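The chain contents come next:
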Amino acid sequence: MTQGMLFNTEEPPGRRDAPAQALAPGAWLFPGLVHARAPALLSAIGEVVRRAPLRHMTTPGGGRMSVGMSGCGARVWVSDAAGYRYETHDPRTGRPWPPMPALLRDIAGECAQKAGYDGFVPDSGLINRYGPGDRMGLHQDRDERRDAPIVSISLGVSAVFLWGGVTRSDPVRRIVMRNGDVVVWGGPSRLAWHGIAPVPQAQHPLCGDVRYNLTFRRTA
Ligand code: MD3
Ligand code: FE
């Protein structure tokens, strides 16, 4: 997609009940699974970021992440000059992270169950906010429990998800994530390399030019 062009990323009708797609062993894409609940999910995000404002974290290498981040639950991932870790308190406010809204916890559990992971109760909900041009480089998620899946919910503007497989040299697949799409990653796919290509300049009726991604994890 050409940067700078305007796209209407509103999802076409009829994709809401699209079948689940197996992306790889242990990894499932559910197109539009939470589409109907996008407004409620966005309200829950608003409730969290009112108490724990989105911020651009610093990487250990001294860079500034383009993605705005916040979170809820017992522990939330943070990055600063000292490295990556999960913290019980928001370093920006000094207060505990906001509790995870029951709506988020319940939807995450329901999504995990659809992928065959029963009894998933996340203790961490990370909120990523992407504006036009914001991206996330290829990485692995290594800082939390690996015996639990990660549930990812995309909202707002569509983005191209980069998926490099479990070995760094694996070819990178490109998968479009639209408003209401859910991916559940676990088992053999839990340590896959992944990232987000620069988000296009586009408009979504619920989110303007923003993409949100929610990820739900177990950290303890
Ligand atoms: C594949 N977020 O927060 S979510 C992250 O859209 C992160 O904001 C991206 O990567 C985003 O760490 C992608 C999809 C995702 C999340 C975790 C994974 C894919 C994953 C863990 C293992 C393999
Ligand atoms: Fe990640």
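Described in the following lines is the structure provided in the data block. (Residues numbered from 1 in each chain as written. Chains lettered and ligands numbered in written order. Predicted model: local features only at pLDDT ≥ 70, side-chain atom pairs only at ≥ 80, totals over all residues. Heavy atoms only, no water.)

1. Thoughts on the coordination of the iron ion (ligand 2)
Donor atoms from the polypeptide that bind the iron ion (ligand 2) are His139 (NE2), Asp141 (OD) and His194 (NE2), placed at 2.0 to 2.3 Å. Mapped onto the polypeptide sequence, the residues donating to the iron ion (ligand 2) form the spacing pattern H-x1-D-x52-H. Of this pair, His139 sits in strand S9 (residues 136-139) while His194 is found in strand S14 (residues 193-196), placing the two residues 55 residues apart along the sequence. (Donors = N, O, S within 2.8 Å, 3.2 Å for Na, K, Ca; no water. Helix = DSSP H or I, 4+ residues; strand = E, 2+ residues; numbered from the N terminus.)

2. A short note on the site of ligand 1
The environment of ligand 1 is formed by 19 residues, the closest being Asn128, Tyr130, Arg190, His194 and Arg211. Contact between ligand 1 and His139: an oxygen atom at 3.2 Å from a side-chain N or O atom of the residue. Asp141 places a polar side-chain atom, nitrogen or oxygen, 3.2 Å from an oxygen atom of ligand 1. Looking at which element gives the most residues to the shell around ligand 1, the answer is strand S16 (residues 211-217), with four residues. (Near = heavy atom within 4 Å. Polar contact = N/O pair within 3.5 Å; in protein donor to acceptor, adjacent residues only side chain to side chain.)

3. Some words on helix H2 (residues 102-114)
For an α-helix, the turn length of 3.6 residues means that residues three or four places apart are oriented alike. When the terminal C-alpha atoms of H2 are compared, their 18 Å separation across 13 residues agrees well with the 18 Å that a helix rising 1.5 Å per residue should span. Those residues of H2 not exposed but buried are Leu104, Ile107, Ala108, Gly109, Cys111 and Ala112. Positive phi shows up at Gly116, right after H2, with a value of about 95°. (Expected span 1.5 Å × (residues − 1). Buried < 20%, exposed > 50% of the residue type's maximum accessible area, 1.4 Å probe, protein only.)

4. Description of the packing of helix H1 (residues 38-51) against H2
The contact between H1 and H2 brings their axes to 9 Å, and the two run at 130°. As the angle between them shows, H1 and H2 are arranged oblique. Here the hand of the crossing between H1 and H2 comes out left-handed. Mapping the contact onto sequence places Ala40, Leu41 and Ala44 in H1 and Leu103, Leu104 and Ile107 in H2. Among the residues forming the contact of H1 with H2, the class breakdown is six nonpolar, no polar and no charged. (Axes fitted to C-alpha atoms, helices over the stretch in contact; angles between N-to-C directions. Parallel < 35°, antiparallel > 145°, perpendicular 65-115°, else oblique. Left-handed = near helix turned anticlockwise from the far one by under 90°. Contact = heavy atoms within 4.5 Å. Nonpolar A, V, L, I, M, F, W, Y, C, P; charged D, E, K, R; others polar.)

5. So, the pattern of salt bridges
Summed over the entire model, instances satisfying the criterion amount to eleven salt bridges. With a closest N to O distance of 2.8 Å, Glu144 and Arg217 form a salt bridge. With Glu144 in the loop between S9 and strand S10 (150-156) and Arg217 in strand S16, this pair connects stretches of sequence that are 73 residues apart. In this structure Glu144 comes out as buried when scored by relative accessible area, which is 8%. (Salt bridge = Lys/Arg side-chain N within 4 Å of Asp/Glu carboxyl O.)

6. Focus on the pairing of strand S2 (residues 21-24)
Note: S2 against strand S3 (residues 27-30), three bridges, orientation antiparallel. What sits directly across from Ala22, in S3, is Trp28. Joining the antiparallel neighbours S2 and S3 is a turn of two residues, in which Gly26 adopts a positive phi near 85°. (Pairing = 2+ DSSP bridges.)

7. Thoughts on the sheet that holds S16
Spatially, the eight strands line up as an open sheet ordered S2-S3-S13-S10-S16-S8-S5-S4, and their pairing is antiparallel. The strands lining the two open edges of the sheet, one partner per strand, are S2 and strand S4 (55-58). Going from strand to strand, the sheet's axes swing by 30° on average, the running direction of each strand aside. Packing against the sheet, H1 makes contact with strand S5 (64-73), strand S8 (124-130), S10 and S16, and its axis sits at approximately 100° to S10.

8. Regarding H1
Between its first and last C-alpha atoms H1 spans 21 Å; for 14 residues at 1.5 Å apiece the expected length is 20 Å, and the two agree. Three or more residues of H1 are buried, namely Ala38, Leu41, Leu42, Ala44, Ile45 and Val48. Within H1, the buried residues cover an arc of 160° as seen down the axis, which keeps them to one side. The inward-facing, buried residues of H1 contact S5, H2, S8, S10 and S16. (Arc of directions from axis to C-beta.)

9. So, the sheet that holds strand S12 (residues 173-177)
Hydrogen bonding along the main chain pairs the strands of a sheet, whether they run parallel or antiparallel. Reading across the sheet, the four strands line up as S9-S14-S11-S12 and stay open at both edges, with antiparallel pairing between neighbours. In the strand order of this sheet, the two ends are held by S9 and S12, each with one partner. In this sheet, adjacent strand axes meet at a mean angle of 20° when their direction is disregarded. Examined bridge by bridge, strand S11 (residues 159-165) and S14 share four bridges and lie antiparallel to one another. Bridge pairing links Leu162 to Gly195 in S14.

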